[in-house]
Amino acid sequence: MAVRYSVASDVGRRRENNEDSYLVEGLPGGGLLVAVADGLGGCAAGEVASALAVRTLRRAVGAVGLPEPDGLREGFRQAAAAVYAAAAQPGEHSGMATTLTAAVVAANELFLGHLGDTRLYLIRDGAIRRLTEDHSVAEEMERSGEGAAGGRENPQRHVLTRALGVKADEEADFRRVSLEPGDRLLLCSDGLTSLVADAELAQVLAGTSVERSAQELVRLANDRGGYDNITALVVELPA
Ligand code: MN
């Protein structure tokens with residue numbers, strides 16, 4: 001499958017370390033495994049958590065030889081167990097955690113797994129659709145109808161309600177979505193989506209080749225302050 005893609009990951013303008021990690025890997029069966037993880041924890045523990053999650057996912061999905069969707073489920077199970085075990089050790093990595101959003105992309109469908117607030121969007125015919133729900137206090141409040149009640153001022157709104165490393169068996173969301181020729185996918189960390197609205201993401205993607213899209217999105221977030229690490233991974237299916 002001749003997919004095209006681009007990826008860019010940047011520390012941003014305020015942080016000292018880039019705690020985001022990403023993965024693009026062709027699978028023996030012909031699909032493409034893509035992932036973005038956004039690590040949490042002080043003293044560089046976040047980047048350890050996100051790198052461990054992505055590395056474990058890659059090994060598990062490649063090694064188990066399970067047909068999708070079982071391969072991705074097994075990858076999430078192993079990644080959650082690995083980050084939890086490392087975070088439970090006393091020392092500098094204690095308490096670290098990470099988001100993880102990943103998908104196995106085939107010619108006519110994708111299977112995605114998701115924990116945290118790293119997002120996956122589908123862009124088709126210029127329209128953008130988010131395929132993931134944020135596991136954050138803000139979105140949980142909106143989903144439960146409490147969003148209007150001072151939600152934007154709530155200092156807890158960016159706090160995650162689910163992430164890898166918090167529990168040994170943290171449950172991810174899984175979803176299968178049909179794809180069409182020419183579809184684009186965007187995986188990105190909240191360093192992008194907290195500064196660039198969905199409609200603007202669609203606009204940039206519509207006006208930019210896939211090869212330049214990831215870098216262009218990172219540049220836009222940096223132009224607006226770059227308060228967090230920024231990772232964008234763009235995939236385009238053949239037309
Ligand atoms: Mn972030």
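Residues numbered from 1 in each chain as written. Predicted model: local features only at pLDDT ≥ 70, side-chain atom pairs only at ≥ 80, totals over all residues. Heavy atoms only, no water.

Trainee: Could you clarify how one ought to interpret the nonpolar core in this entry?
Mentor: The nonpolar side chains of a soluble globular protein tend to be buried, and buried together. Leu33, Leu57, Leu72, Phe76, Leu100 and Leu164 are the most contacted members of the largest nonpolar core, which totals 26 residues. Among the secondary structure elements, those contributing two or more residues to this core are strand S3 (32-40), helix H1 (45-64), helix H2 (70-88), strand S5 (100-105) and strand S6 (109-115). If sequence neighbours within four positions are ignored, leucine 100 has contacts with Ala35, Val36, Ala37, Val54, Leu57, Phe76, Ala79, Gly113, His114, Leu115 and Leu164. Counting 20 residues, the second largest nonpolar core, distinct from the first, contains Leu195, Leu205, Ala214 and Val218. (Core = buried A, V, L, I, M, F, W, Y, C linked by side-chain atoms within 4.5 Å. Buried < 20%, exposed > 50% of the residue type's maximum accessible area, 1.4 Å probe, protein only. Helix = DSSP H or I, 4+ residues; strand = E, 2+ residues; numbered from the N terminus. Contact = heavy atoms within 4.5 Å.)

Trainee: Would you mind going over unusual backbone geometry with me for this structure?
Mentor: Leaving glycine aside, a negative phi is the common case for residues, and trans is the common case for peptide bonds. At aspartate 125, a residue that is not glycine, the phi angle is positive and equals roughly 50°. Structurally, the position occupied by aspartate 125 is in the loop between strand S7 (119-124) and strand S8 (127-130). On the basis of relative accessibility, which here comes to 79%, the residue aspartate 125 falls in the exposed class.

Trainee: Honestly, the environment of glutamine 78 in this entry has me stumped. Any pointers?
Mentor: Along the chain, glutamine 78 turns up in helix H2. Relative accessible area serves as the criterion here: at 27%, glutamine 78 is assigned to the partly exposed category. A C-alpha to C-alpha distance of 8.5 Å links glutamine 78 and alanine 53, two positions 25 residues apart in sequence.

Trainee: Could you clarify how one ought to interpret the sheet that holds strand S11 (residues 230-236) in this entry?
Mentor: Strand pairs in the sheet, formed through backbone hydrogen bonds, run parallel or antiparallel to each other. Strand order in the open sheet formed by five strands is S1-S11-S10-S7-S8, with antiparallel pairing between adjacent strands. Looking at the sheet topology across the chains shown, the edges are occupied by strand S1 (4-10) and S8. If you compare each strand with its neighbour and ignore which way they point, the axes differ by 15° on average. Both S7 and strand S10 (residues 184-188) contribute to a ladder of five bridges, which runs antiparallel. Residue pairing in the sheet places leucine 122 in a bridge with leucine 185 of S10. Of the strands in this sheet, S7, S8, S10 and S11 are in contact with helix H5 (residues 198-206), which crosses S7 at around 55°. Strand contacts of helix H6 (residues 210-223): S1, S10 and S11, with the helix running at about 25° to S1, the strand carrying the most contacts. (Pairing = 2+ DSSP bridges. Axes fitted to C-alpha atoms, helices over the stretch in contact; angles between N-to-C directions.)

Trainee: Sorry, what's going on with the coordination of the manganese ion here?
Mentor: Working reference: metal with six octahedral donors, ideal angles 90 or 180 degrees; metal with four tetrahedral donors, ideal angle 109.5 degrees. Taken together, Asp38 (OD), Asp190 (OD) and Asp228 (OD) make up the protein donors of the manganese ion, found 2.1 to 2.2 Å from the metal. Sequence spacing among the residues donating to the manganese ion works out to D-x151-D-x37-D. On the criterion of sequence distance, the pair formed by aspartate 190 in helix H4 (residues 190-193) and aspartate 228 in the loop between H6 and S11 is long-range, its members being 38 residues apart. In this pair, the class of aspartate 190 matches that of aspartate 228, namely buried. (Donors = N, O, S within 2.8 Å, 3.2 Å for Na, K, Ca; no water.)

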